[in-house]
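These are the residues of each chain, in order.
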Amino acid sequence: MAFVPVQDTAKTESILNLIAEALSDVQGYVNIPYWSKQQKTTYALFDRMEVLDRKAREAGNGESIEVRQHMEPFDEFRTRYNYSLEAGALRFSAVNLDHIVYTYQHFRAVAPNNMVWELYIFRQDDGLYVYGIGAVKAFDLFGLFRDRLEPSLMGRVEAFFTYITRKILPAEGNK
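Since the structure is predicted, the reported quantities are computational estimates derived from the model, not experimental observations. (Residues numbered from 1 in each chain as written. Predicted model: local features only at pLDDT ≥ 70, side-chain atom pairs only at ≥ 80, totals over all residues. Heavy atoms only, no water.)

Participant: What exactly am I supposed to notice about the overall build of the protein chain here?
Facilitator: Each helix and strand in the protein chain was counted, giving 2 helices and 10 strands. Its helices and strands in sequence order give the protein chain the pattern β-α-β-β-β-β-β-β-β-β-β-α, from N to C terminus. Among the 175 residues that make up the protein chain, the fraction classed as buried is 44%. Contacts spanning at least 24 positions in sequence make up 50% of the contacts within the protein chain whose residues lie at least 6 apart. Accessible surface for the protein chain amounts to roughly 9,500 Å². Of this, 49% is attributable to carbon and sulfur atoms. (Helix = DSSP H or I, 4+ residues; strand = E, 2+ residues; numbered from the N terminus. Buried < 20%, exposed > 50% of the residue type's maximum accessible area, 1.4 Å probe, protein only. Contact = heavy atoms within 4.5 Å. Areas by Shrake-Rupley, 256 points an atom, 1.4 Å probe, with all protein chains shown as cover.)

Here is the structure:
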């Protein structure tokens, strides 16, 4: 959760539009830095991203984007990203559509629909409130890979939300 003060109420819509633009640029997700606690180095959150389907929402205020993406150390998997912009609020969600397979051990670490990211940003009084949450229900081979999977997957959620927060703060800095 974060609070971003916005002095000029009229700026709220332009800031939300900038964030929606960043969310719609799924190719830009490839450049998000992710710090691996295990490897003690920075990697790209995703190293490949291919848009498979892109549909505008009926009201023209958002999109549903299906992608095939790759993040080490997992095999490629499909994800659906949705965002909508309505009345001073932005909603975003991401959910995996395929199994997320741990490449080196060849096991299905996360079943379809079991890695979910949600973001909700809304205007209230003198700023924007930002709520982000990620949840992953992983199969870790009965605890054998828990020490590797848990920080790896949750670290990626944190990296994504840090990326979005940085998109908000520079926008507000340009008053």
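Participant: Before we go on, may I ask you to explain the packing of aromatic side chains in this structure?
Facilitator: The description of an aromatic ring pair uses the distance of the two centres, along with the angle that the planes make with each other. Counting across every chain of the model gives 14 aromatic pairs. Pairing Trp-117 with Phe-160 gives two aromatic rings, centres 4.9 Å apart and planes at 35°, and the pair type is tilted. In this pair, Trp-117 is assigned in strand β9 (residues 107-124) and Phe-160 in helix α2 (residues 146-173), connecting sequence segments 43 residues apart. Grouping residues by exposure puts Trp-117 and Phe-160 together as buried. (Phe/Tyr/Trp six-rings, centres within 6.5 Å; stacked < 30°, edge-to-face > 60°.)

Participant: Could you clarify how one ought to interpret the pattern of salt bridges in this entry?
Facilitator: Inspection of every chain in the model, using the stated rule, returns 7 salt bridges. Among the ionic pairs, Arg-78 bridges to Glu-66, the shortest N-O distance being 2.8 Å. With Arg-78 in strand β6 (residues 77-86) and Glu-66 in strand β5 (residues 62-70), the pair connects residues that are 12 residues apart, well separated along the chain. Residue Glu-66 is classed as buried on the basis of its relative accessible area of 14%. (Salt bridge = Lys/Arg side-chain N within 4 Å of Asp/Glu carboxyl O.)

Participant: Even after reading the chapter, I still don't get the side chain of Thr-12, so can you show me in this structure?
Facilitator: Within the secondary structure, Thr-12 sits in helix α1 (residues 11-24). In this structure Thr-12 touches Val-6, Arg-123 and Leu-128, once residues within four positions along its chain are discounted.

Participant: Help me understand unusual backbone geometry, please; the structure alone is not making it clear to me.
Facilitator: Negative phi characterises most residues that are not glycine, and trans characterises most peptide bonds. Look at the link from Glu-72 to Pro-73: it is a cis peptide, with omega at 0°. Among the structural elements, Pro-73 can be located in the loop between β5 and β6. Of note, Ala-87 is a non-glycine position whose phi angle comes to about 40°, a positive value. Mapped onto the elements, Ala-87 comes out in the loop between β6 and β7 (89-96). The backbone of Asp-125 shows a phi angle near 50°, a positive value even though the residue is not glycine. For Asp-125, the position within the fold is in the loop between β9 and β10 (127-138).

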